[in-house]
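As a plain string of letters, each chain reads:
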Amino acid sequence: MAKLRTKAIHSGQHPDPVTGAVITPLYQTTTFAQEAPGVHKGYEYSRSGNPTRTVLETVLADMEGGAHGFCFASGSAALATLMMALLRPGDHVIVGDDVYGGTYRFLTKVLKNFGVEMDFVDLSGSADITPFIKDSSKMVFLETPTNPLLKLTDLEAVIKTAKQHGLTAVVDNTFATPYLQQPLELGADIVMHSTTKYIGGHSDVVGGALILKDDTYRDQIAFNQNSIGATPDPFACWLTLRGVKTLGVRMEAHCKNALEIAEFLEAHSQVEDVIYPGLSSHPQHSLAKKQMQGYGGMISLRVKGGTEEANSFLTSLKYFTLAESLGGIESLSEIPAIMTHASIEPEIRAQLGITDSLVRLSVGIEDVADLKADLDQALNSITSTKKTAAA
Ligand code: P1T
């Protein structure tokens, strides 16, 4: 079977039989001509299906080792469609306690209104989910590494227990990507992505995806994808397809830069602590070694001091643009408590450790020496502000 880098470039992608075009054409059309009512070439209307989208769905499914791929207008649209397709009032879901703020918001402020119950559980390491399983439990949903605390779940162990109790196991693989981790191979039923991030890779297109291991949920997801209609337009699919081809080389560069930066930050006198799965100080470092083929491009850290110092650090950075999102070729920085995770209640954020001084970096693929120099000057400028204040 072809390796991932080959799949990214070849799965579902063949020169156009009509023109010979090497790259998948952008079928920027809403509808498709029919020879006679109901007689068509497999496409009727672009919400239901579009040839550019089909290619993206095929390549994503192949890269994750799944049987079916479904694309959406955003990761959040993928999540909403998934939950509405699989859950009913009274059903219970076990959710990892550290998830993207928008995921938490959808689950607690939207899905709960439809009578779905949930418990947020620390799924670090090989956490035992048995005490949280009820008769009504239907699903376990988790991120690994998590956003923003970069906690890792032992997928094999947690999914094994989930399966023993008949739960559907869903893994949001946005941070790791199929290049670093393949949850379906470890027993998951469904993988979710915000393709906005590493899959697209260039911070120019929002999208989401669900990849199914087998046929079990295919009809439910397909029906809901079309019925809810939160589908991506053809150009979004085309851009994502353009991005995904270089996933392998980008991930190598993200991982290399991030490890070097994490080590640099850990040794810096202005840094309180660094969270990065590639550091031996990370609580699940050995799991990361076993489960992932690299440690990813995301780093969280706390600078010495508090909110003021963190703000000063972020506003002094030159190459790490202060912005939400992650996974693009350019480096980004943010404070989750104020930005991406602001919709989580302050007391829950505090319990989790998403403090106002926690900084999240998405390490891009720029020259690492420039990135380190930038971080160094911004960290040292915190000191000088203090010195000025004291003087
Ligand atoms: O932004 P959207 O494409 O809708 O994807 C939502 C989403 C789902 N899952 C994970 C792990 C995510 O990180 C996200 C989006 N996250 C950000 C925008 C962010 O800056 O963390």
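Look a little higher up for the structure.
Residues numbered from 1 in each chain as written. Predicted model: local features only at pLDDT ≥ 70, side-chain atom pairs only at ≥ 80, totals over all residues. Heavy atoms only, no water.

### Details of the sheet that holds strand 9 (residues 298–303)
Item 1. Reading across from one edge, 8-9-12-11-10 is the order of the 5 strands in this open sheet, with mixed pairing throughout. In this open sheet, the two edge strands, each paired with only one partner strand, are strand 8 (271–275) and strand 10 (321–322).
Item 2. The sheet contact formed by strand 10 and strand 11 (residues 332–334) spans 2 bridges and is parallel. If you follow Leu 322 over to strand 11, its bridge partner there is Ser 333.
Item 3. The sheet contacts of helix 9 (residues 247–266) involve strand 8, strand 9 and strand 12 (358–362), and relative to strand 9 the element is tilted by about 15°.
Item 4. Across the sheet, helix 11 (residues 307–316) is in contact with strand 9, strand 10, strand 11 and strand 12; its angle to strand 9 comes to roughly 130°. (Pairing = 2+ DSSP bridges. Helix = DSSP H or I, 4+ residues; strand = E, 2+ residues; numbered from the N terminus. Contact = heavy atoms within 4.5 Å. Axes fitted to C-alpha atoms, helices over the stretch in contact; angles between N-to-C directions.)

### A word on the site of the ligand
Item 1. Contacts to the ligand come from 19 residues, most closely from Ser 76, Asp 172, Thr 196, Ser 325 and Arg 360.
Item 2. Asn 147 places a polar side-chain atom, nitrogen or oxygen, 2.9 Å from an oxygen atom of the ligand.
Item 3. Between Lys 197 and the ligand, the recorded distance is 3.3 Å, taken from a side-chain N or O atom to a nitrogen atom.
Item 4. In the complex, the protein chains occlude 92% of the 470 Å² of accessible area that the ligand would expose alone.
Item 5. Elements supplying a minimum of two residues to the shell around the ligand: helix 3 (75–86) and strand 6 (190–194).
Item 6. Taken together, the residues of the shell around the ligand sort by class into 4 nonpolar, 10 polar and 5 charged.
Item 7. Both domains that meet at the shell around the ligand, namely domain 1 (4–244) and domain 2 (247–390), each give it at least three residues. (Near = heavy atom within 4 Å. Polar contact = N/O pair within 3.5 Å; in protein donor to acceptor, adjacent residues only side chain to side chain. Areas by Shrake-Rupley, 256 points an atom, 1.4 Å probe, with all protein chains shown as cover. Nonpolar A, V, L, I, M, F, W, Y, C, P; charged D, E, K, R; others polar. Domains from an automatic or database assignment.)

### Section: helix 5 (residues 155–164)
Item 1. When we look at burial in helix 5, the residues that qualify are Leu 155, Val 158, Ile 159, Thr 161 and Ala 162. In a view along the axis of helix 5, the buried residues occupy a sector of 160°, so they form one face of it. Within helix 5, the exposed residues directed more than 90 degrees away from the buried face are Lys 160 and Gln 164.
Item 2. Summarising the contacts, the buried residues of helix 5 are in contact with strand 4 (137–143), strand 5 (168–172) and helix 10 (285–291).
Item 3. Phi for Gly 166, located one or two positions after helix 5, is positive at around 75°. (Buried < 20%, exposed > 50% of the residue type's maximum accessible area, 1.4 Å probe, protein only. Arc of directions from axis to C-beta.)

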